[in-house]
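Structural features, examined
So the chains spell out like this:
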Amino acid sequence: MTTLELEAAPPRFTHRQILLIFSGLMLGMLLAALDQTIVATALPTITRELGGLDHLSWVVTAYLLASTVSTPLYGKLGDLYGRKRLFQVAIVVFLAGSILCGISQTMVQLIAFRAIQGLGGGGLIVLAQAIIAEIVSPRERGRYQGYFGAVFGAASVAGPLLGGFLTDHVSWRWVFYVNLPVAIVALMVTAIVLPTSVRQGNAKVDYVGSAILTLAISCVVLFTTWGGTQYAWDAPIMLGIAAAAIALLAVLVVVERRVDEPIVPIHLFRATTFKVASAVSFIVGIAMFGAISFLPLFLQVVNGASATNSGLLILPLMLGLLSASMASGQIITRTGRYKVFPVTGCATATVALYLLSTMGPGTSQTTVTLYMVVLGVGIGLTMQTLVLAVQNSVRITELGVATSSISFFRSMGGAIGVALFGAIFNNRLAHRGTSAAAYSDSITGVFLYAVPLVVLAFALTWLLKEVPLRSSNSAHHSSLMVE
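Quick caveat, the model's predicted, so the values are computed rather than measured. (Residues numbered from 1 in each chain as written. Predicted model: local features only at pLDDT ≥ 70, side-chain atom pairs only at ≥ 80, totals over all residues. Heavy atoms only, no water.)

**Re the overall build of the chain**
- Within the chain, the secondary structure is distributed over 21 helices and 2 strands.
- For the chain, whose C-alpha radius of gyration is 22 Å, the value lies close to the compact-globule estimate of 23 Å for 483 residues.
- Reported as C-alpha extents along the three principal axes, the dimensions of the chain are approximately 70 × 50 × 45 Å.
- Taking all 483 residues of the chain together, 55% fall into the buried category.
- Sequence separation of 24 or more characterises 84% of the internal contacts of the chain that already satisfy a separation of 6 or more.
- Total accessible area computed for the chain in this model is approximately 19,300 Å², and 68% of it derives from carbon and sulfur atoms.
- Here the chain carries 27 positive and 18 negative side-chain charges, and the mean point of each set is 7 Å from the other. (Helix = DSSP H or I, 4+ residues; strand = E, 2+ residues; numbered from the N terminus. Rg over C-alpha atoms; globule rule 2.2 N^0.38 Å. Buried < 20%, exposed > 50% of the residue type's maximum accessible area, 1.4 Å probe, protein only. Contact = heavy atoms within 4.5 Å. Areas by Shrake-Rupley, 256 points an atom, 1.4 Å probe, with all protein chains shown as cover. Lys, Arg positive; Asp, Glu negative; His and termini not counted. Charge placed at Lys NZ, Arg CZ, Asp CG, Glu CD.)

So, in structure tokens, the structure goes:
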């Protein structure tokens, strides 16, 4: 069948078929989302058995670095070669990394194998979002976006609980082995239900750009991870890493302007929607996720919650996020309009962060819960809507790289936010002592510093163009085959 015939009679998916496809994608996403949180509670036990306490942070950093570096690569490779097989490859790589982590005998081995896990995890989320963009029109896509929020919400709560349970009652190695049955089921389901997308034309991989991007991202992640912890921010090694990152990014821009299939299409930044969505995602990543990382600490140190209970007490935030994401998605599908949601979301998050900054030792758990719900609503209205706006504005040939770019900016913002607010928290605490009131004042100060950042994001969202969402996906279907 010719491309013209495919566009004239594109394959259609029923709601049931789409839900089946979603089940496979969400299993893969669950693997990546769960592994971002499940390891934390097992780290003390791991260091007692394997040693290497001075390398403890690398167990987390190795995964973060590998997954962040690989995200743009998966996006581009999916555009070039199709996403189904690549998604399955990502699952296999993640599965291999999980097995190797479980049998690690030294801390160095565990760190290396966590990097392998990260290389697989980096593709699972971005490829899932791009696959959905292929099979569901932008107008209809909103009604399904809440499912993505559900995966992350469940993983953020279940991860620490499951990690602690397995470590206490079985072995820390099962924190990694638990991925095996989920990964095997994900492979089986995706093999059956996922459609196969094929890029037409000659595929040319930008190897030089990929290498430069990998080095640049590595420098950025190392700078934000080590700053204020491993080394002082103004230490020579930190200044060298920062200079290298800036130089590499400058070289990347030059290279990407000259190749046929750039790993980062520079021309995308000429589009208002892409520029605004990237900037807002980056700022939201810094402010929201940097601040959220301190909520469990407040609940534990100030409110006296246990480590396990603090994970459960974050649930209201996730419920707010999920409810807002699903509700906004349904409204977007009915109306075809989306700009109001990131605008409202950033405004809501600004209010929520200010409210969180007013908390103290005497603040009731009910009040804290209410504030977290408001913050969750703000995030839920914003993040997936930005992805949808970008996907609606780019060509099918750049769907993957555009989606991965938004994920990349959000991840980088989150990494920078955690490092930045960690430095602010440590500096404030150093001048206040170690009492509950001192911790409370230091943590709430972090929330207050996040407020002006989200105000900036709120201002930027007004620059989004309200491009009508396509109710037809024929352009996507022209390159889609169903097995």
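More follows now that the structure is in view.
**So, the confidence of the model for the chain**
- Per-residue confidence for the chain gives a mean pLDDT of 81; residues scoring 70 or more make up 90%.
- Low pLDDT, under 50, characterises residues 1-11; the stretch is placed with 10 contacts to residues that sit more than four places away or in other chains.
- Note on residues 475-483: pLDDT is under 50 here. Beyond four places in sequence and across chains, it has 35 contacts. (pLDDT = per-residue confidence, 0-100.)

**Some remarks on the nonpolar core**
- Among the nonpolar cores identified, the biggest contains 56 residues, and Leu317, Leu353, Leu356, Leu375 and Phe447 are the most heavily contacted of them.
- Of all the secondary structure elements, the ones that give two or more residues to this core are α13 (272-292), α14 (295-302), α16 (315-335), α17 (340-357), α18 (365-393), α19 (399-430) and α20 (436-461).
- The dominant element in this core, judged by the number of residues it contributes, is α13, at 10 residues.
- Phe447 has contacts with Ala291, Leu295, Leu353, Leu356, Ser357 and Met359, leaving out every residue within four places of it along the chain. (Core = buried A, V, L, I, M, F, W, Y, C linked by side-chain atoms within 4.5 Å.)

**Remarks on the packing of aromatic side chains**
- Tallying each qualifying case throughout the model produces 9 aromatic pairs.
- Taken together, the ring pairs in this structure connect Phe269, Phe274, Phe408 and Phe409 into an aromatic cluster. (Phe/Tyr/Trp six-rings, centres within 6.5 Å; stacked < 30°, edge-to-face > 60°.)

**A short note on the packing of helix α11 (residues 207-226) against helix α12 (residues 236-256)**
- Closest axis-to-axis distance for the α11/α12 pair is 9 Å, and the angle between their directions is 150°. Between α11 and α12, the interaxial angle falls into the category roughly antiparallel. The crossing of α11 and α12 is left-handed. Packed against α11, whose contacting residues are Val208, Gly209, Ile212, Leu213, Leu215, Ala216, Cys219, Val220, Phe223 and Trp226, the element α12 presents Ile237, Met238, Ile241, Ala242, Ala244, Ala245, Leu248, Leu249, Val251, Leu252, Val255 and Glu256 at the interface. (Axes fitted to C-alpha atoms, helices over the stretch in contact; angles between N-to-C directions. Parallel < 35°, antiparallel > 145°, perpendicular 65-115°, else oblique. Left-handed = near helix turned anticlockwise from the far one by under 90°.)

**Concerning helix α10 (residues 179-193)**
- The terminal C-alpha atoms of α10 lie 21 Å apart, and with 15 residues this matches the ideal 21 Å at 1.5 Å per residue to within 8%.
- Asn179, Ala183, Ala186, Val189 and Thr190 are the residues of α10 that are buried. Viewed along the axis of α10, the buried residues span an arc of 135°, placing them on a single side of the element. Facing away from the buried side of α10, by more than 90 degrees, are the exposed residues Met188 and Ile192.
- Along its buried surface, α10 packs onto α2 (15-35), α5 (84-102), α6 (107-135) and α9 (174-177). (Expected span 1.5 Å × (residues − 1). Arc of directions from axis to C-beta.)

**Quick notes on helix α3 (residues 43-50)**
- For α3, the complete set of buried residues consists of Leu43, Ile46, Thr47 and Leu50. All buried residues of α3 project into a common sector of 95° when viewed along the axis, lining one side.
- Gly51 occupies a position one or two residues after α3 and carries a positive phi of about 75°.

**Overview of the environment of Ser404**
- With respect to the helices and strands, the residue Ser404 is situated in helix α19.
- Note on Ser404: relative accessible area 0%, which makes it buried.
- Not counting the four nearest positions on each side in its chain, Ser404 is found in contact with Thr71, Pro72, Gly75 and Val126.

**A short note on the pattern of salt bridges**
- In this structure the tally under the stated criterion is 3 salt bridges.
- The closest approach of N and O atoms between Glu49 and Arg173, which form a salt bridge, is 3.1 Å. Here Glu49, found in helix α3, pairs with Arg173, found in the loop between α8 (145-169) and α9; they are 124 residues apart in sequence, far enough to count as distant.
- Of the residues examined, Glu49 reaches a relative accessible area of 47% and is grouped as partly exposed.
- Note on Arg173: relative accessible area 14%, which makes it buried.
- One salt bridge connects Arg337 with Glu466, and the closest N-O pair in it is separated by 4.0 Å. Of the two residues, Arg337 is situated in the loop between α16 and α17 and Glu466 in the loop between α20 and α21 (474-477); the sequence distance between them amounts to 129 residues.
- Residue Glu466 is classed as partly exposed on the basis of its relative accessible area of 27%. (Salt bridge = Lys/Arg side-chain N within 4 Å of Asp/Glu carboxyl O.)

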